[in-house]
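Structure assessment
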Amino acid sequence: MPPLGRIANHSSLRKHRPLEYNMHDAFFDRREAQPRFVIKPYSTTCMEGQSANFYCRVIAASPPIVSWFRDNRELKQSVKYMKKYDNNDYGLTINRVRLDDRGEYIVRAKNSYGSKEEVVFLNVQKAPEPFQSPRLEEPPKKVVLKDVPMFEEPELAPKFSFHLRPRLIQKNHHCKLICSVQGNPPPKIEWFKDGRPVDEDRTQTTYRHGVCTLEIFNTTMDDAGKYSCTATNKLGEDETVCVLTVQGRAGEQEPRTGMSTSVRPRRVYDSLKTSDVERSRSAADVSRRPAPSARQATPPQASRPKDDLATVAKEEPTAGPSFSSPLSDMIVDAGQTAEFSCQVEGKPEPFIEWLYNGERLSTNDRVSATFVSGRAKLRLSDTLDTDSGEYSCRASNSAGSEACKATLTVRNAAPSAADAGDDSAPAASPRASEGNGVADSSAPVPSSDAAGPPVLVRDLASAIVDKGSPVTLECQIDGSPADVVWMRNGKEVKTSADVEVETTGSTFRLSLKNPSTDDSGTYQCEARQAGQSVSTVCTLLVNDADKPVEPMVTALPEPISVGAGSPAKFVLELATVDNLTVQWFKGTEKIDKSDRIKSVKSGKAFKLDFKTVEPDDAGSYVVKVIKDKKAISKYVASLNVQ
């Protein structure tokens, strides 16, 4: 390798021969270099005179400085307070704890990129006084124990307390069937497949403490069929049955002998309906009969009753997934939020997967996915150039699978109006979206619709009402939106005798005539028109005098609309603040204290103060009330920057 030479020569090599000399530019986000608590400290309780320990684990791009505080005073290393660290592990030991030591402790990790802190509590219990037993005047009388007969477990005929369940297994995967049986004397366990004993070379069976298992370590298409487990002793016989389905790579399932239809196993995301309750019944066919003198081999149809689960599945119609509202292509500026949305139909309810350029997409702090009432959404926050590409939504159930695709294009940030020489250029709205996706700040998008995009004029206002008192939530949206949806806690609100949805011009109302405590929650009104959408959120709190709920709220945060550079303040007022703290979030991101934004406690009120508001501050803010390191409630309000 020739020497690099002067700086000019180095620059030339970087320009013309970067790959040969492995010259690359590297960038990183300063926020990612801030300290992070991967193991947070926990509150603890100890007796007076003992030692209390707190432990946490902190990681950071540059070594952090970890400090411990109590009553805004840093705890120095001493015999009383012993601070320890080992690599990324940090601990604080308080020796010979006294009652005065109880209270709130703060651990703060700080480096050149920022700081993070966590709060813990120490509760000290008073040491019990030593117990002194009274002196006995007379010796205790001798206790005569009665003869107790030895316990003998009664004899019982075999009975399965936990039955086999139908299984759907992919080819070449491991399969394990489990059931539980009771009986005395211990019964003899036998496994059958389609009426014949299972192949011991292909399977492994165990029976310990009443639990019966059958394992197939590398399933093939030939392993599909009807499996049964039979328990026999001198008092009788019992049996449980299930169906095993093996699915190939192409999604084709091998037909089972003697079965006229396939059975779809339950998934955790199935909604609980009457038909689902029937479908969740065990596939076991239990029969109680005296033990036979000799086991007779009979055909499966003669020795096995009809499978109840298969009968229910046969009566229940199925339909493959279909997209009534597919994905649409999107164009957003870097740093904005993009949201893909589509409407999926199918029976049973399909399973939703998101793919990026053909690869499975996993959720994280920046990527979130939801599937509520048939609408699947994918949200990408703080978009980057690398997020551009093809996104797919794949829906699948036992009747088939379907997918739709859309393209996301992330553009570099557009120049400001001043740079472009146009002082009258309008500011971008943080609520506009394109197609079935939503962007937090709008970019001009061509639209074939005659009507313009919706514009939010007045936000929803949070409300506190008593149980049974009518309440109306109201907002104003200009632009004549074609579709307006009301949601509570992420689920669409259905109209009924007590719930009315009303539209008067550009004003939209949701009225609850007889609200109950179950109606409390976060309400959202979303309007769509011309391929774009806007939404507004608020909190409704329904109080029940007979059943008060902690915390008692006297005033909720109100929506704010201010100009850039102006101050703003969110306020949450509680009836009592004993042992309560709060945390403020913008969306899902926790708000850290800074010179411009501060979280303040004043009397019985918690405030979030903005010294000056910037355009990026627009959005939904959530305040969570914390007690004993657990969030017991949360409330939401909107901030609009004009």
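Our structure is the block above this text.
What counts and how
Residues numbered from 1 in each chain as written. Predicted model: local features only at pLDDT ≥ 70, side-chain atom pairs only at ≥ 80, totals over all residues. Heavy atoms only, no water. Helix = DSSP H or I, 4+ residues; strand = E, 2+ residues; numbered from the N terminus. Buried < 20%, exposed > 50% of the residue type's maximum accessible area, 1.4 Å probe, protein only. Pairing = 2+ DSSP bridges. Axes fitted to C-alpha atoms, helices over the stretch in contact; angles between N-to-C directions. Salt bridge = Lys/Arg side-chain N within 4 Å of Asp/Glu carboxyl O. Patch = residues over 30% accessible without salt bridge, like charges linked within 9 Å, V, L, I, M, F, W, Y side chains within 5 Å. Areas by Shrake-Rupley, 256 points an atom, 1.4 Å probe, with all protein chains shown as cover. Polar contact = N/O pair within 3.5 Å; in protein donor to acceptor, adjacent residues only side chain to side chain. Phe/Tyr/Trp six-rings, centres within 6.5 Å; stacked < 30°, edge-to-face > 60°. Lys NZ or Arg CZ within 6 Å of the ring centre and 35° of its normal. Contact = heavy atoms within 4.5 Å. Lys, Arg positive; Asp, Glu negative; His and termini not counted. Charge placed at Lys NZ, Arg CZ, Asp CG, Glu CD.

The helix and strand tally for the protein chain stands at five helices and 45 strands. Among the 642 residues that make up the protein chain, the fraction classed as buried is 37%.

Attention now moves to the sheet that holds strand β10 (residues 156–162). With respect to topology, four strands assemble into an open sheet ordered β10-β12-β16-β15, the strand pairing being antiparallel. Whereas interior strands pair on both sides, the edge strands pair on one side only; in this sheet they are β10 and β15 (204–208). Direction aside, the axes of adjacent strands within the sheet are offset by 25 degrees on average. In terms of strand pairing, β10 meets strand β12 (residues 175–184) through four bridges, oriented antiparallel. Within β12, the residue paired with Lys-159 across the bridge is Gln-182.

What follows is about the pairing of strand β31 (residues 483–488). Remark: a regular strand shows side chains that alternate across the two faces of the sheet. Strand direction decides the pairing type here: β31 and strand β35 (residues 521–529), joined by six bridges, are antiparallel. Each bridged residue has a counterpart across the sheet, and for Val-484 the counterpart in β35 is Ala-527. As paired strands, β31 and strand β32 (residues 491–492) are joined by two bridges and run antiparallel to one another. Within the sheet, the bridge partner assigned to Met-487 lies in β32 and is Glu-492. The turn linking β31 back onto β32 is made up of two residues, and Asn-489 within it adopts a positive phi angle of 55 degrees.

Per the stated rule, a full pass over the model turns up 25 salt bridges. We note a salt bridge from Glu-20 to Arg-17, for which the minimum N-O separation is 2.8 Å. Close ionic contact of Glu-118 with Lys-40 constitutes a salt bridge, the shortest N to O distance being 3.9 Å. With Glu-118 in strand β9 (residues 114–125) and Lys-40 in the loop between β1 (36–39) and β2 (44–47), this residue pair connects regions lying 78 residues apart in the sequence.

A grouping of Phe-162, Ile-178 and Val-211 is seen on the molecular surface, where their side chains present a nonpolar patch of about 230 Å² in accessible area. If you trace the backbone, Phe-162 turns up in strand β10. We classify Phe-162 as partly exposed; its relative accessible area is 39%.

Let us look at the environment of Lys-193. Residue placement: Lys-193 occurs in strand β13 (residues 188–193). A relative accessible area of 23% means that Lys-193 is categorised as partly exposed. Separated by 31 residues in the primary sequence, Lys-193 and Ala-224 place their C-alpha atoms 9.0 Å from one another. Side-chain polar atoms of Lys-193 contact the backbone oxygen of Asp-222, separated by 3.4 Å. At 3.5 Å, the side chain of Lys-193 and the backbone oxygen of Ala-224 are in polar contact.

For the coordinates displayed, the defined rule picks out nine aromatic pairs. The interplanar angle of 85 degrees and the centroid separation of 5.7 Å between the aromatic rings of Phe-610 and Tyr-621 together place this pair among those described as edge-to-face. Taken as a pair, Phe-610 in strand β43 (residues 605–610) and Tyr-621 in strand β44 (residues 619–627) lie far apart in primary sequence, 11 residues in all. You'll find Phe-610 and Tyr-621 in the same group, each marked buried. By way of ring pairs, the aromatic residues Phe-570, Trp-584, Phe-610 and Tyr-621 are connected into one cluster. Arg-108 extends its terminal NZ or CZ atom over the ring of Phe-69, reaching a point 4.5 Å from the ring centre.

The next thing to look at is the pairing of β13. Relative to strand β17 (residues 225–233), β13 runs antiparallel, the two being bridged by six bridges. Bridge pairing links Phe-192 to Ser-228 in β17. Of the strand pairs in this sheet, β13 and strand β14 (residues 196–197) are connected by two bridges, and their pairing is antiparallel. When the sheet's bridge partners are listed, Phe-192 is paired in β14 with Pro-197. Count of turn residues in the β13/β14 antiparallel hairpin: two residues, of which Asp-194 carries a positive phi of about 55 degrees.

Let us look at the side chain of Asp-544. Along the chain, Asp-544 falls in the loop between β36 (532–543) and β37 (553–555). At 3.1 Å, the side chain of Asp-544 and the backbone nitrogen of Asp-546 are in polar contact. Those residues in contact with Asp-544, other than ones at most four positions away along the chain, are Lys-467 and Thr-517.

So, on to a negative patch on the surface. Together, Asp-365, Asp-382, Glu-589 and Asp-592 give the surface a local cluster of negative charge. Tracing the backbone shows Asp-365 in the loop between β23 (359–360) and β24 (367–372). Asp-365 gets classed as exposed once you look at its relative accessible area, which sits at 80%.

With that settled, the discussion passes to the environment of Ser-511. Looking at the secondary structure, you find Ser-511 in strand β34 (residues 507–512). The class for Ser-511 is buried, based on a relative accessible area of 15%. Taking the C-alpha atoms as reference, Ser-511 lies 6.4 Å from Leu-473; in sequence the two are 38 residues apart. In contact with Ser-511, not counting residues within four places along its chain, are Val-471, Thr-472, Asp-498, Val-499 and Glu-500. A polar contact is formed between the side chain of Ser-511 and the side chain of Thr-472, at a distance of 3.3 Å.

Let's shift gears to unusual backbone geometry. A negative phi holds for most residues other than glycine; trans holds for most peptide bonds. Asn-184 connects to Pro-185 through a cis peptide bond whose omega is 0 degrees. Checked against the element boundaries, Pro-185 lands in the loop between β12 and β13. Of the consecutive residues Glu-550 and Pro-551, the connecting peptide bond is found in the cis state with omega at 0 degrees. Locating Pro-551 in the fold gives a position in the loop between β36 and β37. Backbone geometry at Asn-172 places phi at a positive 75 degrees, although glycine is not the residue there. By secondary structure assignment, the location of Asn-172 is in the loop between β11 (167–170) and β12. With a relative accessible area of 42%, Asn-172 lands in the partly exposed category. Phi angles above zero are rare outside glycine, and Asp-382 is one such case at about 50 degrees. Note that Asp-382 resides in the loop between β25 (375–380) and β26 (389–397).

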